[in-house]
Amino acid sequence: MYKILKAEKLADKIYLMDVHAPRVASHCQPGQFVIVKMDEKGERIPLTICDYDREAGTITIVFQEVGASTVKMGELKAGDSFRDFTGPLGCASEFVHEDLESLKNKKMLFVAGGVGAAPVYPQVKWLKAHGIDADVIVGAKTKDMLILEDQMEAVAGNYYPCTDDGSYGHAGMVTTMVEELVNNGNKYDVCVAIGPMIMMKFVCLLTKKLEIPTIVSMNPIMVDGTGMCGACRLQVGEEIKFACVDGPEFDGHLVDFDQAMKRSQMYKSEEGRAMLKLQEGDTHHGGCGHCGGDE
């Protein structure tokens, strides 16, 4: 059992928890995720690692209530436990493995939408710890929906909050903030965008026009997290990828967002899954090379 040491509500339907998971904390890197189960019969819920403390053996997760399982999860308190807490899963952010001196010469921009601030935070924190200041844009519908503001301001080189309703910070979408920064003379070597698929799609359309290489963290439906089920299948350029084992980060200018969004909707019904299996053939699952072929 994995004990919850801290549980707090960050905003409407958005919660943060610190969980005692020493093995995960000792191995994880920015960009990776975990899959949690509340009990023996519980749904497997993939969640990005928001923060980690290797000495304390804790992992911080942030989640939003979107269905019955996450609503139930939001009711958990400090002292309660998860039945399973599997990770770290997926690949670490690419820059973790880059030459540090080369990385220090890059100007990086992070763009987060909503709960996307949670996976952006450990990446920016890692960079700050290695002497690199990154610009960070975080967007939400209203000021009350912005999360992790104090933490983000502490690690970002420059922090730019945006609200759709103009109640705080930049009035408008994150894309208009990106345009404003570039128009003001900022030159970025790489952009990292994390948030709802539709937001990442429009950030990528803009950064392609601005010729800024862009990495996105994909969050399609996942079931097993090991490449076996095929739920998180993506089209990335000419290749078929699986977010759980090949990602979750990919070249945003190569991701087929329209297909990914359509597929996520289809996967929710039994009829939709049957149609996907028919359409996708041998690449429906097993195409990642990490499991035993199409089953």
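Residues numbered from 1 in each chain as written. Predicted model: local features only at pLDDT ≥ 70, side-chain atom pairs only at ≥ 80, totals over all residues. Heavy atoms only, no water.

(A) Region of the structure containing the nonpolar core. Ranked by internal contacts, the top residues of the largest apolar core, which has 57 residues, are Ile-59, Ile-61, Met-73, Phe-82, Phe-85 and Phe-110. Considering each element in turn, this core owes the most residues, seven residues, to helix H4 (residues 117-129). If we ignore the near neighbours within four places in the chain, the residues touching Ile-59 are Met-17, Asp-18, Val-19, Ala-21, Val-24, Ala-25, Cys-28, Ile-49, Asp-51, Tyr-52 and Phe-85. (Core = buried A, V, L, I, M, F, W, Y, C linked by side-chain atoms within 4.5 Å. Buried < 20%, exposed > 50% of the residue type's maximum accessible area, 1.4 Å probe, protein only. Helix = DSSP H or I, 4+ residues; strand = E, 2+ residues; numbered from the N terminus. Contact = heavy atoms within 4.5 Å.)

(B) Examining the sheet that holds strand E7 (residues 84-89) more closely. Read across the sheet, seven strands follow the order E6-E1-E2-E5-E4-E3-E7 without closing on themselves; strand pairing throughout is antiparallel. Every interior strand has two partners, whereas the edge strands, strand E6 (81-82) and E7, have only one. Judged from the seven bridges that link them, strand E2 (residues 14-20) and strand E5 (residues 58-64) form a sheet pairing that is antiparallel. Residue pairing in the sheet places Val-19 in a bridge with Ile-59 of E5. Sheet strands in contact with H4 are strand E4 (45-53) and E5, and its direction is about 30° off that of E4. (Pairing = 2+ DSSP bridges. Axes fitted to C-alpha atoms, helices over the stretch in contact; angles between N-to-C directions.)

(C) Structural context of the pairing of E4. Of the pairings in the sheet, the one linking strand E3 (residues 33-37) to E4 comprises four bridges and is antiparallel in character. By the bridge assignment, Val-36 is partnered in E4 with Ile-45. Note: E4 against E5, four bridges, orientation antiparallel. Residue Asp-53 lies in a different strand from E5, and its bridge partner there is Thr-58. The hairpin turn running from E4 into E5, its antiparallel successor, is four residues long, and Gly-57 in that turn takes a positive phi close to 75°.

(D) Looking closely at the sheet that holds strand E8 (residues 108-113). Strand order in the open sheet formed by seven strands is E11-E10-E9-E8-E12-E13-E16, with mixed pairing between adjacent strands. The open sheet has two edge strands, strand E11 (170-171) and strand E16 (249-251), and neither has a second partner. Where strand E12 (residues 190-194) lies against strand E13 (residues 214-217), three bridges are found, and the strand directions are parallel. When the bridges of E13 are listed, Cys-191 appears paired with Thr-214. Strand contacts of H4: E8, strand E9 (135-140), E12 and E16, with the helix running at about 160° to E8, the strand carrying the most contacts. Relative to E12, helix H7 (residues 197-209) is tilted by about 165°, and along the sheet it contacts E8, E12 and E13.

(E) Main features of the pattern of salt bridges. Applying the stated criterion across every chain yields a total of eleven salt bridges. For Lys-72, the salt bridge is made with Asp-39, and the minimal N-O distance between the two is 3.2 Å. Here Asp-39 lies in the loop between E3 and E4 and Lys-72 lies in helix H2 (residues 68-73), a separation of 33 residues in the sequence. Judged by relative accessible area, which is 43%, Lys-72 ranks as partly exposed. Linking Glu-101 and Lys-104 is a salt bridge whose minimum nitrogen-to-oxygen distance equals 3.8 Å. (Salt bridge = Lys/Arg side-chain N within 4 Å of Asp/Glu carboxyl O.)

(F) Quick peek at helix H6 (residues 174-183). Those residues of H6 not exposed but buried are Val-174, Thr-175, Met-177, Val-178 and Leu-181. Buried residues of H6, viewed axially, fall in a sector of 160°; they line one side. On its buried face, H6 sits against E8, E9, strand E10 (158-163), E11 and H7. Gly-185 occupies a position one or two residues after H6 and carries a positive phi of about 100°. (Arc of directions from axis to C-beta.)

(G) Structural detail: the layout of surface pockets. What the second largest pocket holds in volume is close to 180 Å³. What lines the second largest pocket is Lys-201, Cys-204, Leu-205, Lys-208, Gly-252, His-253, Leu-254, Val-255, Asp-256, Phe-257 and Asp-258. Mapped by element, the contributors of at least two residues to the lining of the second largest pocket are H7 and helix H9 (257-266). Among the elements that take part in the lining of the second largest pocket, H7 stands out by supplying four residues, more than any other. Its residues assigned to classes, the lining of the second largest pocket comprises five nonpolar, two polar and four charged. (1 Å grid on protein atoms, 1.4 Å probe; cavity = no way out; pocket = protein on both sides within 12 Å on 5 of 7 lines; lining within 4 Å. Points joined across faces, edges and corners; volume = space filled by probe spheres on them. Nonpolar A, V, L, I, M, F, W, Y, C, P; charged D, E, K, R; others polar.)

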